[in-house]
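# An overview of the molecular structure
Each chain, written out:
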Amino acid sequence: FASTPAAAAEADAYPSRPVRFIVPIGPGSSGDTMTRTFAEYLRKTAGQAILVENRPGAELSLGTQVALNEPADGYTVVLISPSATVINPLFVKDLPYRPQDLYPVLNVTRHVAVLVASAASPYKTLGDVVEAAKRDKGGVSLGTYGNTYRLGALDLARRAGVDFNQVPYKGAAQAVADVVGGSVDLALIDIAGAAPLVASGKIRALAVAGDRRHPLLPDVATVQEAGYPGYSLYVFIGFAIRAGTPAPVASKLEDMMLRVMDDPALRAQLAQQSGGEVVGTGSKAFAELIRAEGVRYADLARQIGAVPR
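A short tour of the structure in this document, coming up.

Conventions adopted
- Residues numbered from 1 in each chain as written.
- Predicted model: local features only at pLDDT ≥ 70, side-chain atom pairs only at ≥ 80, totals over all residues.
- Heavy atoms only, no water.
- Buried < 20%, exposed > 50% of the residue type's maximum accessible area, 1.4 Å probe, protein only.
- Helix = DSSP H or I, 4+ residues; strand = E, 2+ residues; numbered from the N terminus.
- Arc of directions from axis to C-beta.
- Pairing = 2+ DSSP bridges.
- Polar contact = N/O pair within 3.5 Å; in protein donor to acceptor, adjacent residues only side chain to side chain.
- Contact = heavy atoms within 4.5 Å.
- Salt bridge = Lys/Arg side-chain N within 4 Å of Asp/Glu carboxyl O.
- Axes fitted to C-alpha atoms, helices over the stretch in contact; angles between N-to-C directions.
- Left-handed = near helix turned anticlockwise from the far one by under 90°.
- Nonpolar A, V, L, I, M, F, W, Y, C, P; charged D, E, K, R; others polar.

For helix H7 (residues 172-181), every residue scored as buried is listed here: Ala-175, Val-176, Asp-178 and Val-179. In a view along the axis of H7, the buried residues occupy a sector of 160°, so they form one face of it. Turned more than 90 degrees away from the buried face of H7, the exposed residues are Ala-173 and Gly-181.

Only one face of strand E10 (residues 277-281) is covered, namely the face carrying Val-278 and Gly-280; the face carrying Glu-277, Val-279 and Thr-281 is uncovered. Judged from the three bridges that link them, strand E4 (residues 102-118) and E10 form a sheet pairing that is antiparallel. Its bridge partner lying in E10, Asn-107 is registered against Thr-281.

With that settled, consider the pairing of strand E3 (residues 76-80). Counting buried positions over the five residues of E3 gives five, a clear majority of the element. A two-sided burial pattern is seen for E3, the buried positions comprising Thr-76, Val-78 and Ile-80 on one face and Val-77 and Leu-79 on the other. Here strand E1 (residues 19-23) runs beside E3; their pairing, made up of three bridges, is parallel. From the neighbouring strand, Phe-21 faces E3, where its bridge partner is Val-77. Examined bridge by bridge, E3 and strand E9 (residues 234-242) share three bridges and lie antiparallel to one another. Its bridge partner being in E9, Leu-79 is matched across the sheet by Phe-239.

Turning to its location among the elements, Asn-54 is positioned in strand E2 (residues 50-54). A distance of 3.0 Å separates the side chain of Asn-54 from the backbone oxygen of Ile-25, its partner in a polar contact. A polar contact of 2.9 Å, which involves the side chain of Asn-54, links it to the side chain of Asp-32. For Asn-54, the residues in contact, after removing those within four places along its chain, are Val-23, Ile-25, Gly-26, Pro-27, Asp-32 and Arg-36.

So, on to the pattern of salt bridges. Here the structure, examined in full by the defined rule, presents 17 salt bridges. The residue Glu-293 makes a salt bridge to Arg-296 at a minimum N-O spacing of 3.0 Å. Placement of both Glu-293 and Arg-296 in helix H11 (residues 283-303) is noted, with a separation of three residues, approximately one turn of the helix. The partly exposed category is assigned to Arg-296, whose relative accessible area is 29%.

With respect to the helices, strands and loops of the structure, Thr-222 is situated in the loop between strand E8 (203-208) and E9. Judged by its relative accessible area of 3%, Thr-222 is buried. At a separation of 2.9 Å, a polar atom in the side chain of Thr-222 contacts the main-chain amide nitrogen of Glu-225. Non-local contacts of Thr-222, meaning those with residues more than four positions away in its chain, are made with Ala-207, Val-208, Gly-210, Arg-212 and Arg-213.

In the contact formed by helix H2 (residues 30-46) and helix H9 (residues 247-261), the axes pass within 9 Å of each other and the chain directions differ by 115°. Regarding H2 and H9, the two cross each other, and that crossing is right-handed. Of H9, the residues touching H2 (which contributes Phe-38, Tyr-41, Leu-42, Thr-45 and Ala-46) are Met-256, Met-257, Arg-259, Val-260 and Met-261. Of the residues contributing to the contact of H2 with H9, the split by class is eight nonpolar, one polar and one charged.

Purely spatial values, then, with no claim about function.
This is the structure we're talking about:
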């Protein structure tokens, strides 16, 4: 990051025009809703219009590349998650960007996964599932969507010493519908989408993939409690800009974003919209989280034979 008198003068004036947020997922998703909420609060702090544009496709690669094609001046922000920063570099051949092209500014929320079965399922606990999978190799079907959840399921299977029959889906809604309908035994999904269906009695939560029990499902044990210490599956959502943005500009944007995140009304709104845990940490802690997740997923990919390409 350059820090020169010209860059300092640029930072003093920043932002002098609208800031554009690129959301590399579709409208109506929790990430899209959260970004629009955050943008409205940031508009008041920045004193400029904040534009939000959806550019979905290619496991978040399309929108990420759109953002990285813009100048490194702090006026284009992109929503990031493990897909763009950690998973795609492992699995996508000829990825049109490098993870180091992104400078993470703010970690907004993190979302824990939960293992679910239908309410009519014979499986009441994770132990029941593992026992059945050991009796019938590949006989227990598990729906997942996206490479993050797919890897999480493979990690769980590896730790339990079983093989699941993984069924890939494009999104959580169809995976859950098939669990309810009985055409797939289990699904590994985000807890925010699962909790209302558990409350309504349509599905049963078997285990939460967090470091501790979740307030949405306080009676459901964690995977760690079920006998697999160290297992967790979280998805983070945050914001990044292009690496190479002048340091004073990047710092000013981060300061503005952190001030916005200090607003209790925003934090309450984000928690309610996403069902996630509101984090609100800045660039240093966020970059360290992404680095650690990169090491963890690369190691897991090697262990399960999904060698980075």
